[in-house]
Amino acid sequence: MTFRRKQVVKRLRTFIALAAVPLFLAACGNLSSSSMSSGSGSSKSGGTQLTGQTTDGDYEGVIKSGHYQTSKSRGVTNSQDSGNTYNLKSFENGMLSVSKKVFSTKKYVFQEGQYLSSSTVQNWLDRKSKSNPDGLNPTSNGSTSPTKRNPVYIQALEEQDYMTQKNNKLSLGGVTIGIAVNSVDYYKKTQYGATYETKIDKATGEAYAKKAANTVLQRLRKKSALKNVPIVIAVYRQASNDSLVGGTFLAYSNNKAGTTSVKSWTALGDKNYVFPIESGSSSPNSNDESSFTNFKTQVENFFPNLSGVTAQARYNGKTLQGMHVNITIQFYSQTEIISFTQYLQTAAQKYLPSGVPIDITVSSTDGVQSFLSRSTGAKKFTSHVFNSY
């Protein structure tokens, strides 16, 4: 990759990442309308509250003693050179989507993982060795050859808890564990040396993660709180470091209370694409590709001072699930931004695919300038220009 392309990719990542926000945060509503006590006699300040729910499609979150329950191990990963900033967001959002297939947003409340500590997850992610028998990644064979070395397959592991409410008390109703497997393992032969790559094909990585899932399930069942609750384990394939989208989930297993081995897997057909599609590649749906191309052409013709118009598109098979459009501008006049946003609202409704959620982020070197969005089933886009007083 040339220096110029690296710079372009780095800038595009920065702008695209601004639009990638975990879905459950949309559920944050009026705390007072969803407050609950953790037990009789508990004061509101010392009890448990729920964040509230704006739609049935989002989980409520848990607040204890006036503080949001943060994860005990979020963000623990194997070190990777530079990394892809989209992978973590896509990983967490995808876990929520998988969880909704098992734990209904109408019956369950979301809580960040509370049962796996950072040190435990780190030990599991490290290579297996005499000093770390719990490592899920293979023992090093000593080779530094990209084709002969034992790669690091599992890059991240995350826990999400799902609570049920009864008699003003929350209790654990289920757990989702995400296992992220690398598509490329990046490594250095010396501490400050060049970065090398070991590519991991999809079938090999998926098989390794599914085998590790059995070990993970057995270890979780040894925890008293997790012995008799459903545990969902989902396998995620990381995107490479130079990708402009995150990875996708390949399969999940719903393991009933008390089970200690994974009996079956359900395949998932989600895949991410970047528009415009690179030369030599194709999208699952040519109509969507044409719609985006027409939108891009209209926008660039109307406002020529643009650095780029790109999009992240999520598909299930050939069906578009949603789109994040990212527009980088070179003009800074507030009136220009207002006019441009107004034009986008009209052009997006006319040219972009209908019936799916779409958001549009307009950014400059000074940050996000405006934002447009349309929810599933809505006909019109709403917009907001970030003004300054």
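Structure: see above.
Since the model is a prediction, treat every value here as computed from it, not as a measurement. (Residues numbered from 1 in each chain as written. Predicted model: local features only at pLDDT ≥ 70, side-chain atom pairs only at ≥ 80, totals over all residues. Heavy atoms only, no water.)

Undergrad: Is there a simple way to think about the pairing of strand 6 (residues 169-181) in this case?
TA: Strand residues, when the strand is regular, have side chains that alternate between the two faces of the sheet. The buried fraction of strand 6 is high, at 10 of 13 residues. As defined by bridge partners, strand 5 (residues 154-166) adjoins strand 6 across 12 bridges and the pair is classed as antiparallel. By the bridge assignment, Ala156 is partnered in strand 6 with Ala180. Connecting the antiparallel pair strand 5 and strand 6 is a turn made up of two residues, with Asn167 showing a positive phi of about 50°. (Buried < 20%, exposed > 50% of the residue type's maximum accessible area, 1.4 Å probe, protein only. Helix = DSSP H or I, 4+ residues; strand = E, 2+ residues; numbered from the N terminus. Pairing = 2+ DSSP bridges.)

Undergrad: Quick question: what am I supposed to make of the packing of aromatic side chains here?
TA: Note on aromatic pairs: each is described by the distance of the centres and the angle between the planes. Following the criterion strictly, the structure yields 14 aromatic pairs and no others. Between Tyr59 and Tyr162, the aromatic rings sit 4.9 Å apart at their centres with planes inclined by 50°, giving tilted as the arrangement. On the criterion of sequence distance, the pair formed by Tyr59 in the loop between strand 1 (48-50) and strand 2 (62-64) and Tyr162 in strand 5 is long-range, its members being 103 residues apart. By relative accessible area, Tyr59 is classed as buried at 1%. (Phe/Tyr/Trp six-rings, centres within 6.5 Å; stacked < 30°, edge-to-face > 60°.)

Undergrad: Looking at this model, I keep getting lost on helix 6 (residues 334-351). Mind explaining?
TA: Because the α-helix completes a turn every 3.6 residues, residues three or four places apart line up on one side. With 18 residues, helix 6 ought to run about 26 Å at 1.5 Å a step, and its terminal C-alpha atoms sit 25 Å apart, in line with that. Of the surrounding elements, those touching the buried residues of helix 6 are helix 5 (286-302), strand 13 (306-316), strand 14 (319-329), strand 15 (358-364), strand 16 (367-374) and strand 17 (382-385). (Expected span 1.5 Å × (residues − 1). Contact = heavy atoms within 4.5 Å.)

Undergrad: What exactly am I supposed to notice about unusual backbone geometry here?
TA: Comment: phi is negative for the bulk of residues other than glycine, and the bulk of peptide bonds are trans. Of note, the bond from Phe275 into Pro276 is cis; its omega dihedral lies within 30 degrees of zero at 0°. With respect to the helices and strands, Pro276 occurs in the loop between strand 12 (270-275) and helix 5. The backbone phi angle of Ser65 is positive, close to 55°, even though this residue is not glycine. Take Ser65: it is sitting in the loop between strand 2 and strand 3 (67-68). We note that Asn168 has phi near 60°; this positive angle belongs to a residue other than glycine. Position of Asn168 among the secondary structure elements: in the loop between strand 5 and strand 6.

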